Amino acid sequence: MDREPNESTPSIRVWRTVRSAAFGAATAAVAATAPAGATIVLIDRASGLPAPYGPAAAAAASVVTLAIVGIASARAHQLTRMDRDAIRVGYVVGVAVFLLVLLNPLTGGWRDASAYYALGLDNPYELAYASGGVRYSPPFFQLVELLRWLSWPAFLFLWTAGQLAVLWIIAGPIAALLLVVPVVALEAWYANINLLLGVVITWGFRWPALWSIVLLTKITPGVGLVWFAVRREWRSLATALGVTIAIVVVSDRVSPGLWASWFGALTSDVPPDRVADVVALPLRVALAALVVAWGGIRDRPWTVPLGAAVAMPVPWPATLSVLVAIVPLIRRPSPMGKRRAVDWALGARDRRRMDSTGSPTPSS
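One structure accompanies this document, and this report is about it. Just so you know, these numbers come straight off a predicted model, no measurement behind them. (Residues numbered from 1 in each chain as written. Predicted model: local features only at pLDDT ≥ 70, side-chain atom pairs only at ≥ 80, totals over all residues. Heavy atoms only, no water.)

### Quick word on the overall build of the protein chain
Consideration 1: The helix and strand tally for the protein chain stands at 17 helices and 2 strands.
Consideration 2: Within the span of the protein chain, comprising 364 residues, buried residues form 47% of the whole.
Consideration 3: Contacts spanning at least 24 positions in sequence make up 70% of the contacts within the protein chain whose residues lie at least 6 apart.
Consideration 4: When the accessible area of the protein chain is evaluated, it comes to approximately 17,500 Å², of which 67% is carbon and sulfur surface. (Helix = DSSP H or I, 4+ residues; strand = E, 2+ residues; numbered from the N terminus. Buried < 20%, exposed > 50% of the residue type's maximum accessible area, 1.4 Å probe, protein only. Contact = heavy atoms within 4.5 Å. Areas by Shrake-Rupley, 256 points an atom, 1.4 Å probe, with all protein chains shown as cover.)

The structure is reproduced here in structure tokens:
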């Protein structure tokens, strides 16, 4: 077995152990505190809008956080196995501390999760959007109904744990670092589904049926399916649409009147602008389609979550958290992007690399 230079030197081993322990401790600290809103420095948690610190400060902070995340993502593959193991353990410990100690279902934000839990299957569209209503399609509420037998604290525990788990699936060793980014911290604070959509988009290249989740919730980010159309991946496109149609048919059989209520709510209840919507939704969807089409032609999978963010039905800072899907996808251009995006997110990069044909090759 080849050894790195001076690998057996005691001082090198001590240094690597200390460095890995520091990575793990820092990851645990961030994972424990960031979801509680400790890192939301540019967002007013009461309104969810950018805090009035001035555009210059907001721009500077955004550039710094993007630079940190970009550098960390670019260098993540240089982490040793010990580093990755320490970060993984640190993330698990930090999330456990947050869920078991810091998560307070009575005083936290959790506005979106509480809406999902409170809106029963009898009439989930009765509440107006401006008053906290949700306009996801019936299958979403039919699925949530399976969890509503739980108490609110238990529901919030599972929902938040799922959010933080999918963030790790997407970003691996820089998951905790992403929680420092204000829009990602805000997403964890409100417990929406944007991080879930991020992992759906990431895995949707490999399992197109997952796109049904996008089409049956936010709807317009489904413009990412343009990727399959421009690349003439008709089987993947047909799978995504076919599974969606099948779910709709089954859902309608289970709750026949619910779909009519949903269509009525969509046409009669216009969501308020929470962020200045300077570009109308149809134009944003068209722009997103062009971005995704360009990415499909040029083999740039990262354009799919970018297009999804542009096409979100209601502009809102937390919706930008879907952009975390760029992290694995930007490192895995096609043709192997479908599998490699998932492999990197799951941490396989430190075990092996693959050549252009997809065959495993020894790590250098």
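That covers the picture; the talk isn't over yet.
### Overview of the packing of aromatic side chains
In this description, an aromatic ring pair is defined by two values, namely the gap between the centres and the angle between the planes.
Consideration 1: Applying the stated rule across the entire model yields 18 aromatic pairs.
Consideration 2: Arranged with centres 6.4 Å apart and planes meeting at 85 degrees, the rings of F140 and W159 form a pair that is edge-to-face. Taken together, the positions of F140 in helix 5 (residues 138-145) and W159 in helix 6 (residues 152-171) put the pair 19 residues apart, joining distant regions of the chain. Neither F140 nor W159 differs from the other in exposure class; each is buried.
Consideration 3: For the ring pair F205 and W227, a centre distance of 5.2 Å and an interplane angle of 90 degrees mean the geometry is edge-to-face. Of this pair, F205 sits in the loop between helix 9 (194-204) and helix 10 (211-215) while W227 sits in helix 11 (residues 226-230), and the two are 22 residues apart along the sequence. Both residues of the pair, F205 and W227, count as buried.
Consideration 4: These aromatic residues form a ring-pair network of at least three members: Y116, Y117, Y125, Y136, F140, F141, W152, F155 and W159.
Consideration 5: The side chain of R148 reaches across the aromatic face of Y117, ending 5.9 Å from its centre. (Phe/Tyr/Trp six-rings, centres within 6.5 Å; stacked < 30°, edge-to-face > 60°. Lys NZ or Arg CZ within 6 Å of the ring centre and 35° of its normal.)

### A short note on helix 14 (residues 281-297)
Think of an α-helix as 3.6 residues a turn; residues three or four steps apart then line up on the same face.
Consideration 1: Between its terminal C-alpha atoms helix 14 stretches 24 Å, which fits the 24 Å expected from 17 residues at 1.5 Å a residue.
Consideration 2: Listed in full, the buried residues belonging to helix 14 are R284, A288, V292, A293, G295 and G296.
Consideration 3: Where helix 14 is buried, its residues meet helix 11 and helix 15 (303-310). (Expected span 1.5 Å × (residues − 1).)

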